[in-house]
Amino acid sequence: MSSPASLAVLFTCAALWLLLAAQERGLRRGRLLFAGSAEARAPLWAGSLWRRMRGRLRREWLCLPVAGVIAVLGSSVLPLLAGVLAIPLLGRRLRAAAQARERLRRTDAVIAMCGSVAGELRAGRQPGEALLAAGRGAGALGGAEAAVLAAARFGGDVPEALRRAAREPGAVGLVGVAACWRVSVDGGAGLATGLDGLEGALRAERDQRADLRAELAGARSTVLVLALLPIGGLLLGTALGADPLWTLLHTPAGLCCLLAGGVLEGAGIFWAGRIVRAGEDE
């Protein structure tokens, strides 16, 4: 292993150690604030090592040890630099995926809340009581849950509170709930009937989007295969004894091929991902 690669791996390990130490001190300060509780009396080393590291380190930081291993195998600091650059990109992708899952979860919660409110109304409860019973802790109202439940409890403007709650990602169905509420109050129409119809419409739209995502699964697989093809080529070259890492990282022609291939690979993944996202948004 060359000296620059050794120093790079050493600095990587030191950075990870300092990050873990800083978060350990933060945990100790938090435990001091809650001294006397059962959790505070528990030892810091309790639990498995994987759970501790998973709670302290974000998944995108795994790029560093992977890049460190490649840097050692290739005797170059370039993979480590690429791993550092990949951290914000992977973090952005992971956050976008988490936000998409949160939108789907809130959409399901809104659908379930419509059915629950309709069931409470048929059981004889008043609209405000039904919303209080079905909306508390359901997850459909998000950060506006307190405002909506307060309006339902104290006779406030429930439709306006629901429209504000609909600004949360994935909660657009609450606009329909607000409209049903307004029509039932102003025109005397049955709120339970309107919520049943809204629940059916939201459920059908959700199922349609689920079918579309299933149809686009093949395109997503193509993007994944496109991303993994260079790794497969490197492994194949290594199996044939060609030592592609050394050629790519230590020769002028290899560095030019690495740069051109990286640019083309990134452009291809971006373009294919954009096509998939455009299909999902239709």
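Residues numbered from 1 in each chain as written. Predicted model: local features only at pLDDT ≥ 70, side-chain atom pairs only at ≥ 80, totals over all residues. Heavy atoms only, no water.

## What about the overall build of the protein chain?
Part 1 of the argument: Scanning the protein chain from N- to C-terminus turns up 13 helices and zero strands.
Part 2 of the argument: The order of helices and strands in the protein chain, counted from the N terminus, is α-α-α-α-α-α-α-α-α-α-α-α-α.
Part 3 of the argument: The burial tally for the protein chain puts 27% of its 282 residues in the buried class.
Part 4 of the argument: In the protein chain, the proportion of contacts linking residues at least 24 apart, taken out of those at least 6 apart, comes to 56%.
Part 5 of the argument: Carbon and sulfur atoms form 66% of the exposed surface of the protein chain, whose accessible area is close to 17,700 Å². (Helix = DSSP H or I, 4+ residues; strand = E, 2+ residues; numbered from the N terminus. Buried < 20%, exposed > 50% of the residue type's maximum accessible area, 1.4 Å probe, protein only. Contact = heavy atoms within 4.5 Å. Areas by Shrake-Rupley, 256 points an atom, 1.4 Å probe, with all protein chains shown as cover.)

## Comments concerning the environment of Leu216
Part 1 of the argument: Residue placement: Leu216 occurs in the loop between helix H10 (191-215) and helix H11 (217-239).
Part 2 of the argument: When the C-alpha atoms of Leu216 and Val276 are compared, they prove to be 6.9 Å apart, with 60 residues separating the residues in sequence.

## Focus: the packing of helix H5 (residues 78-122) against helix H6 (residues 127-135)
Part 1 of the argument: Packing of H5 against H6 brings their axes to within 8 Å, and their N-to-C directions diverge by 135°. Relative to H6, H5 is oriented oblique. Along this stretch, H5 crosses H6, giving a crossing that reads as right-handed. Across the interface between the two elements, Met113, Ser116, Val117, Glu120 and Leu121 of H5 pack against Pro127, Ala130, Leu131, Ala133, Ala134 and Gly135 of H6.
Part 2 of the argument: Residues of the contact of H5 with H6, tallied by class, amount to eight nonpolar, two polar and one charged. (Axes fitted to C-alpha atoms, helices over the stretch in contact; angles between N-to-C directions. Parallel < 35°, antiparallel > 145°, perpendicular 65-115°, else oblique. Left-handed = near helix turned anticlockwise from the far one by under 90°. Nonpolar A, V, L, I, M, F, W, Y, C, P; charged D, E, K, R; others polar.)

## So, the pattern of salt bridges
Part 1 of the argument: With the rule as written, the count across this model stands at ten salt bridges.
Part 2 of the argument: Residue Arg105 is joined to Glu102 by a salt bridge in which the shortest nitrogen-to-oxygen separation is 2.6 Å. Pair noted here: Arg105 and Glu102 are both in helix H5, with a separation of three residues, about one helical turn.
Part 3 of the argument: The partly exposed category is assigned to Arg105, whose relative accessible area is 37%.
Part 4 of the argument: Judged by relative accessible area, Glu102 falls into the partly exposed class, the value being 29%.
Part 5 of the argument: Taking the shortest distance from any N to any O, the salt bridge between Arg163 and Glu160 comes out at 3.2 Å. Of this pair, Arg163 and Glu160 are both found in helix H8 (residues 158-165), three residues apart, which corresponds to roughly one turn of the helix. (Salt bridge = Lys/Arg side-chain N within 4 Å of Asp/Glu carboxyl O.)

## Considerations on the confidence of the model for the protein chain
Caution applies to low-pLDDT parts of the model: their predicted coordinates are not meant to be read in detail.
Part 1 of the argument: The predicted model of the protein chain has a mean per-residue pLDDT of 77, with 77% of residues at 70 or higher.
Part 2 of the argument: Per-residue pLDDT, averaged within each element of the protein chain, yields its smallest value for helix H2 (residues 38-41) (42) and its largest for H8 (88).
Part 3 of the argument: This model gives residues 30-50 a pLDDT under 50, and the stretch forms 14 contacts once residues within four places in sequence are excluded. (pLDDT = per-residue confidence, 0-100.)

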